[in-house]
Amino acid sequence: MELLIVVTTVAQQADARRLAQQAVTQGLAACVHIDAIDSVYQWQGQVEQQPEWRLWFKTTPSGHAALCDWLQAQHPYELPALYTLTPSHTTAPFAAWLQQQVRAP
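Please read all numbers here as calculations on a predicted model, not as lab measurements.

Sorry, what's going on with helix α1 (residues 13–25) here?
One turn of the α-helix equals 3.6 residues, which is why residues spaced by three or four share an orientation. Taking 1.5 Å per residue, 13 residues should reach 18 Å; α1 reaches 18 Å between its end C-alpha atoms and fits that length. Among all positions in α1, only D15, A16, L19, A20 and A23 are buried. Looking straight down α1, one finds that the buried residues subtend no more than 125° of arc, so they occupy a single side. Opposite the packed face of α1, turned more than 90 degrees from it, sit the exposed residues A14, Q21 and T25.

Structure representation (structure tokens):
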């Protein structure tokens, strides 16, 4: 079973916690890690440097589309960074637990 990690960032810790808790509660992700980061990016012609919160949503291939659609609808940013990583290895016990947690549509 394959693990997918969907990554995004938000400006407020409260938004990070809300998205993480709702995704897990709704069975869109098995778990979510939240990291405090400092981001440098160009937006509307200006170079910005802002603190942000990075979220790592762990999901399955069958739950991936539903999670991404939900994140697009719930995200506070006008243009959220939203991308998916595929780890090269996932242990069988973790993969089994992940499969039990994510409720694919």
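Picking up where we left off.
What is the right way to look at the packing of aromatic side chains in this model?
Here a ring pair, both rings aromatic, is described through the centre-centre distance and the interplanar angle of the planes. According to the stated counting rule, one finds one aromatic pair in the structure shown. Aromatic pair F94 and W97: ring centres 5.5 Å apart, planes at 40°, arrangement tilted. Placement of both F94 and W97 in helix α3 (residues 92–101) is noted, with a separation of three residues, approximately one turn of the helix. We classify W97 as partly exposed; its relative accessible area is 33%.

Help me understand the pattern of salt bridges in this model?
Opposite charge on two side chains permits pairing when their charged atoms draw close. Taken as a whole, this structure holds two salt bridges when the rule is applied. A salt bridge links D35 to R54, with the nearest nitrogen and oxygen atoms 3.6 Å apart. Of this pair, D35 sits in strand β2 (residues 31–43) while R54 sits in strand β3 (residues 46–59); the two residues are 19 residues apart in sequence, bridging distant segments of the chain.

What's the story with the nonpolar core in this structure? I'm lost.
One broad rule of soluble globular proteins: the nonpolar side chains tend to lie buried together. Residues L19, A23, L55, F57, L67, W70 and L71 are the most contacted members of the largest nonpolar core, which totals 15 residues. Residue assignment for this core shows that the elements contributing at least two residues are β1 (4–10), α1, β3 and α2 (61–74). If we skip the residues at most four places from it in the chain, L67 touches V6, A23, L28, F57 and T59. Counting six residues, the second-largest nonpolar core is a separate cluster that includes L3, I5, A30 and L98.

Looking at this model, I keep getting lost on the environment of E52. Mind explaining?
When you line up the elements, E52 lands in strand β3. Between the C-alpha atom of E52 and that of S39, which follows or precedes it by 13 residues, the distance is 6.5 Å. If sequence neighbours within four positions are ignored, E52 has contacts with T9, V10, D35, A36, I37, S39 and Y77. Side chain to side chain, E52 and Y77 meet in a polar contact 2.6 Å long.

What counts, and where the lines are drawn
Residues numbered from 1 in each chain as written. Predicted model: local features only at pLDDT ≥ 70, side-chain atom pairs only at ≥ 80, totals over all residues. Heavy atoms only, no water. Helix = DSSP H or I, 4+ residues; strand = E, 2+ residues; numbered from the N terminus. Expected span 1.5 Å × (residues − 1). Buried < 20%, exposed > 50% of the residue type's maximum accessible area, 1.4 Å probe, protein only. Arc of directions from axis to C-beta. Phe/Tyr/Trp six-rings, centres within 6.5 Å; stacked < 30°, edge-to-face > 60°. Salt bridge = Lys/Arg side-chain N within 4 Å of Asp/Glu carboxyl O. Core = buried A, V, L, I, M, F, W, Y, C linked by side-chain atoms within 4.5 Å. Contact = heavy atoms within 4.5 Å. Polar contact = N/O pair within 3.5 Å; in protein donor to acceptor, adjacent residues only side chain to side chain.

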